[in-house]
Amino acid sequence: MARPELAGLEADLARCYKGKIGVGVPMAGYTTWRIGGPADLLVTPRSVAEVRTCLAWAGRHGLPVWIIGNGSNVLVGDGGLRGLVLRTAHGLNQIERQGSRLSLGAGALLPVLLRLAARYGWTGLEFAAGIPATVGGAVLMNAGTGEGTIGALVSRVGLIEPSGEYVELEAKEISFAYRHSSLLDRGGVITTVILQVREGDPADVARAIRERMAARRQKQPHRWPSAGSVFKNPPGWPSAGWLIERVGAKGLRRGGALVAYEHANFIVNTGGATARDVLWLVEEIRRRVRESFGVELETEIRILGDTRG
Ligand SMILES: Cc1cc2nc3c(=O)[nH]c(=O)nc-3n(C[C@H](O)[C@H](O)[C@H](O)COP(=O)(O)OP(=O)(O)OC[C@H]3O[C@@H](n4cnc5c(N)ncnc54)[C@H](O)[C@@H]3O)c2cc1C
């Protein structure tokens, strides 16, 4: 049940924002884990101007703003998100080619981009096959695999700063590291991304994508919802999954959440899992790994909102 005061806020937002406004929307519908309590207000702006309108409105009301791409790397608390959720997927989703550059809305989905890459022979993005992210979320987190990362393809990023100002940053003004970019520390909303690709043979690109998808299906769980790898790989160790397996956590279950048999760094939602279930497993894994190996595992997933349930 949405809180009564939200009706007043919705009416006020509707005066300046003409898109659909969700009230008390369960975030489970907007995350790949299918977990998360209600967002007070949720909008899917379709232009940079609409993003600015919503940010300015939230600023005037002193409301927190949460940005969601495709929700494929977030755990939203069972208590949900107070304030305004701004979702980029399915809103800021334009994809335009300008020579060897792709001009993309931050909400454009990588799987859609990869389908076009296979059709037109754009090469360079094949490593991203199977990553269910938006371009904005992928750039922020420098998503990638052992074969490549999106940061290496970035030519320019447009973003709305926390101050409300729109800026365009050249690649050299952004630093990218393992599952990290300086944009994360900077804050703000990424609205547009220009990626540099190369001309290739469509058949070769399509084959490379198919191969990577097949490899993923072999190595990663795909029957149940997840958020990909939960922990970052700690330096000096084979991988987080290797450590998790060594401490006997594979198959560990809490409520509907299960440490996947196929890949120990995935926690899957086998049905009805709550954020509290996942967080319990996260802490249990960290404790075991700390006690056995003296390693402090760091989460790759971003934990958002009210986790008290
Ligand atoms: C099955 C599966 C496989 C995966 N495999 C991989 C993999 O191989 N490699 C990898 O790196 N990741 C992988 N992931 C994780 C995930 O896809 C990436 O981390 C991705 O970058 C998240 O993008 P998103 O759009 O879903 O962002 P979200 O999960 O929605 O958001 C992630 C963070 O970015 C912020 N954010 C999102 N968009 C914006 C924006 N426009 N402006 C500012 N902030 C923003 C959010 O506030 C949040 O803090 C996988 C996930 C799944 C479910």
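The rules behind each value
- Residues numbered from 1 in each chain as written.
- Predicted model: local features only at pLDDT ≥ 70, side-chain atom pairs only at ≥ 80, totals over all residues.
- Heavy atoms only, no water.
- Core = buried A, V, L, I, M, F, W, Y, C linked by side-chain atoms within 4.5 Å.
- Buried < 20%, exposed > 50% of the residue type's maximum accessible area, 1.4 Å probe, protein only.
- Helix = DSSP H or I, 4+ residues; strand = E, 2+ residues; numbered from the N terminus.
- Contact = heavy atoms within 4.5 Å.
- Phe/Tyr/Trp six-rings, centres within 6.5 Å; stacked < 30°, edge-to-face > 60°.
- Domains from an automatic or database assignment.
- Buried area = accessible area lost by both parts, 1.4 Å probe.
- Expected span 1.5 Å × (residues − 1).
- Arc of directions from axis to C-beta.
- Pairing = 2+ DSSP bridges.
- Axes fitted to C-alpha atoms, helices over the stretch in contact; angles between N-to-C directions.
- Parallel < 35°, antiparallel > 145°, perpendicular 65-115°, else oblique.
- Left-handed = near helix turned anticlockwise from the far one by under 90°.
- Nonpolar A, V, L, I, M, F, W, Y, C, P; charged D, E, K, R; others polar.

For the rest of this paragraph, the subject is the nonpolar core. Ranked by size, the top nonpolar core spans 35 residues in total, and within it Leu110, Leu113, Leu125 and Leu195 carry the most contacts. Elements that contribute at least two residues to this core include exactly strand 7 (101–105), helix 3 (110–120), helix 4 (135–141), strand 11 (154–160), strand 12 (166–170), strand 15 (189–196) and helix 6 (202–219). For leucine 113, the residues in contact, after removing those within four places along its chain, are Ile95, Leu102, Leu104, Trp122, Leu125, Val135 and Leu195. Ala227, Val247, Leu252 and Ile285 belong to the second largest nonpolar core, which has 27 residues in total.

Checked against the element boundaries, glycine 107 lands in the loop between strand 7 and helix 3. Distance in space between the C-alpha atoms of glycine 107 and glycine 136 is 6.2 Å, their sequence separation being 29 residues. Dropping the residues within four chain positions of it, glycine 107 is found in contact with Thr88, Ala89, His90, Leu92, Asn93 and Thr134.

Our focus in this paragraph is the packing of aromatic side chains. By the definition in use, this model includes four aromatic pairs. Ring geometry for tryptophan 237 versus phenylalanine 293: centroids 5.3 Å apart, planes at 75 degrees, classification edge-to-face. Pair noted here: tryptophan 237 is in the loop between helix 6 and helix 7 (240–246) and phenylalanine 293 is in helix 8 (residues 275–293), with a separation of 56 residues, a long-range link. Overall, phenylalanine 293 belongs to the partly exposed group, its relative accessible area being 26%.

Another point: the domain arrangement of the chain. Annotation of the chain at the domain level lists domain 1 (5–87), domain 2 (95–219) and domain 3 (240–304). For domain 2 versus domain 3, the distance between C-alpha centres works out to 28 Å. Across the boundary between the two partners, domain 2 contributes five residues, which contact four residues of domain 3. Together domain 2 and domain 3 conceal approximately 360 Å² of surface at their shared face, both sides included; 56% is due to carbon and sulfur atoms.

With that out of the way, let us pick up helix 2 (residues 48–61). In a regular helix each residue adds 1.5 Å, so 14 residues correspond to 20 Å; helix 2 covers 20 Å between its end C-alpha atoms and thus fits that length. Within helix 2, the full set of buried residues consists of Val51, Cys54, Leu55, Trp57 and Ala58. Around the axis of helix 2, the buried residues are gathered within 160 degrees of arc, so they sit on the same side. For helix 2, the exposed residues lying more than 90 degrees away from the buried face are Ala49, Gly59 and Arg60. Phi for glycine 62, located one or two positions after helix 2, is positive at around 65 degrees.

Next up on the list: the sheet that holds strand 1 (residues 21–26). On the basis of which strands lie adjacent, the open sheet formed by four strands has the order 1-2-5-3 and mixed pairing. The open sheet terminates on both sides in strands that have one partner only, identified here as strand 1 and strand 3 (65–68). Each neighbouring strand pair of the sheet contributes to a mean axis angle of 35 degrees, computed without reference to strand direction. Across the face of the sheet, helix 2 comes into contact with strand 2 (38–43), strand 3 and strand 5 (81–87) while running at roughly 170 degrees to strand 5.

What follows is about the packing of helix 1 (residues 5–16) against helix 2. Each pair of packed helices gets described by two things: the angle between the helix axes and the distance between those axes. The N-to-C vectors of helix 1 and helix 2 enclose an angle of 140 degrees; their axes lie 10 Å apart at closest approach. Relative to helix 2, helix 1 is oriented oblique. The way helix 1 lies across helix 2 gives a crossing that is right-handed. Along its contact with helix 1, which presents Leu9, Asp12, Leu13 and Cys16, the element helix 2 presents Thr53, Trp57, Arg60 and His61. Class assignment for the residues of the contact of helix 1 with helix 2 results in four nonpolar, two polar and two charged.

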